[in-house]
Amino acid sequence: MVQSNIVTPEGDGTVIVTSAEAMKGATKTYYFDIFSYNRAVDERIDHGTILSAKHVQDQIVALLKGNEAPTHTTITRLKPTRQSVTRKVTAQSPVLLHLFDSSGRHTGPLGALGAEEQIPNSRYDRGTGIQTLYFDDADTYSVQIVGTGSGVVHLTVEELLGEALVETVTYSGIPVTPVSTAQFDFATMADSHRVHVDANGDGRVDFVSRPDSEMLRGDLDGDRDVDLVDLGYVLAVRNTSAVGTRDPRDLDSDGRITTLDGRKLQLLCTRARCAAN
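Small disclaimer: the values here were computed from a predicted structure and weren't measured.

## Quick notes on the overall build of the chain
Phase 1: The number of helices and strands found in the chain is 5 helices and 16 strands.
Phase 2: Here the analysis covers contacts within the chain between residues at least 6 apart in sequence; of these, 54% occur between residues at least 24 apart.
Phase 3: In the form shown here, the chain has an accessible surface area of approximately 14,500 Å², with 53% of it arising from carbon and sulfur atoms.

See the structure below:
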């Protein structure tokens, strides 16, 4: 059984809006838009730190003085109607998920059990056999996948508008070992359609994976064709061991990457003489 959390964007990271609204009618209600506040002031306010937010403090002071009007645009008497965009990356495999923003801040695991969430409006969850990153669309991010064992990455990338699912991208065949890493930069959902894999941990991209719905056998650079560039990915590591049983360079599935795999790839070329585009 795989355990995972059910997450809603309507809440403060601990208490959901419907629960907080239980007292509505018995008292005056104010809504604090944490999402907008975090981005406006570049902080990471959540349930545990909500009273440290200056806009909340200003509102409390105003109420104590008898002024019931909202003090900032992030505080309203009506529930905000703006729907935020949430990106969700889930991995079920022997890997660790890391998220970095354009300022180098990190959300993800620290050590065996710890984690940090430095990036505003981000979250990292770890369940039994599953890890999930959540983040907004306000920056360009780097999603990094670090192998912790040998196996295959099962990766899902989702975009949600409010609670409505807009798009899903799935990968079910990226091989990893304890030294493997993979990465994709994330500004739009289109960026999640190319995962750059360093299979042997030498700092160089060994192949580029496409989602299951876009897989093309022999397309090792992820550009949706098969040509001399893809052949180069095979020849560069010929006479070496494949990474697991799903290495896309091991076209004959014999556990080795050899000249024979190069010949098989040439038969898959999408242009005459395997010409590069």
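Continuing now.
## With respect to the state of the cysteines
Phase 1: Considering all chains together, one arrives at 1 disulfide under this definition.
Phase 2: Note on cysteine connectivity: C269 is disulfide-linked to C274, with sulfurs 1.5 Å apart.
Phase 3: We classify C274 as buried; its relative accessible area is 5%.

## Thoughts on the sheet that holds strand 10 (residues 151-161)
Phase 1: Overall, antiparallel pairing links the 5 strands, which are arranged 7-8-3-10-11 in an open sheet. The open sheet has two free edges, formed respectively by strand 7 (123-127) and strand 11 (164-176), since each of these has just one partner strand. The sheet shows a mean angle of 15° between the axes of neighbouring strands, direction not considered.
Phase 2: Note: strand 3 (residues 85-92) against strand 8 (residues 130-135), 5 bridges, orientation antiparallel. Of the residues in strand 8, the one forming a bridge with K88 is Y134.

## Overview of the pattern of salt bridges
Phase 1: Going through the model one piece at a time under the given rule, you end up with 17 salt bridges.
Phase 2: For the salt bridge of K28 with E68, the shortest nitrogen-to-oxygen distance reads 3.5 Å. One end of the pair, K28, is in the loop between helix 1 (17-20) and strand 1 (31-32); the other, E68, is in the loop between helix 3 (54-64) and strand 2 (75-76), with 40 residues separating them in the sequence.
Phase 3: Between D125 and R123 there is a salt bridge, and its shortest N-O distance comes to 3.0 Å.
Phase 4: Because the salt bridges share partners, they merge into one network encompassing D42, D101 and R105.

## A short note on unusual backbone geometry
Phase 1: Even without being glycine, N121 reaches a positive phi, approximately 60°.
Phase 2: Within the secondary structure, N121 is located in the loop between strand 6 (114-117) and strand 7.
Phase 3: Given the relative accessible area of 17%, N121 is considered buried.
Phase 4: The backbone phi angle of C274 is positive, close to 60°, even though this residue is not glycine.
Phase 5: Within the fold, C274 resides in the segment after helix 5 (259-266).

## Some remarks on the side chain of D247
Phase 1: Locating D247 in the fold gives a position in the loop between strand 15 (240-241) and strand 16 (256-257).
Phase 2: For D247, a relative accessible area of 4% puts it in the buried group.
Phase 3: Of note is the side chain of D247, whose polar atom sits 2.9 Å from the backbone nitrogen of V243.
Phase 4: Other than its neighbours up to four places away in sequence, D247 contacts P175, F207, A242 and I257.

What counts and what doesn't
Residues numbered from 1 in each chain as written. Predicted model: local features only at pLDDT ≥ 70, side-chain atom pairs only at ≥ 80, totals over all residues. Heavy atoms only, no water. Helix = DSSP H or I, 4+ residues; strand = E, 2+ residues; numbered from the N terminus. Contact = heavy atoms within 4.5 Å. Areas by Shrake-Rupley, 256 points an atom, 1.4 Å probe, with all protein chains shown as cover. Disulfide = S-S within 2.5 Å. Buried < 20%, exposed > 50% of the residue type's maximum accessible area, 1.4 Å probe, protein only. Pairing = 2+ DSSP bridges. Axes fitted to C-alpha atoms, helices over the stretch in contact; angles between N-to-C directions. Salt bridge = Lys/Arg side-chain N within 4 Å of Asp/Glu carboxyl O. Polar contact = N/O pair within 3.5 Å; in protein donor to acceptor, adjacent residues only side chain to side chain.

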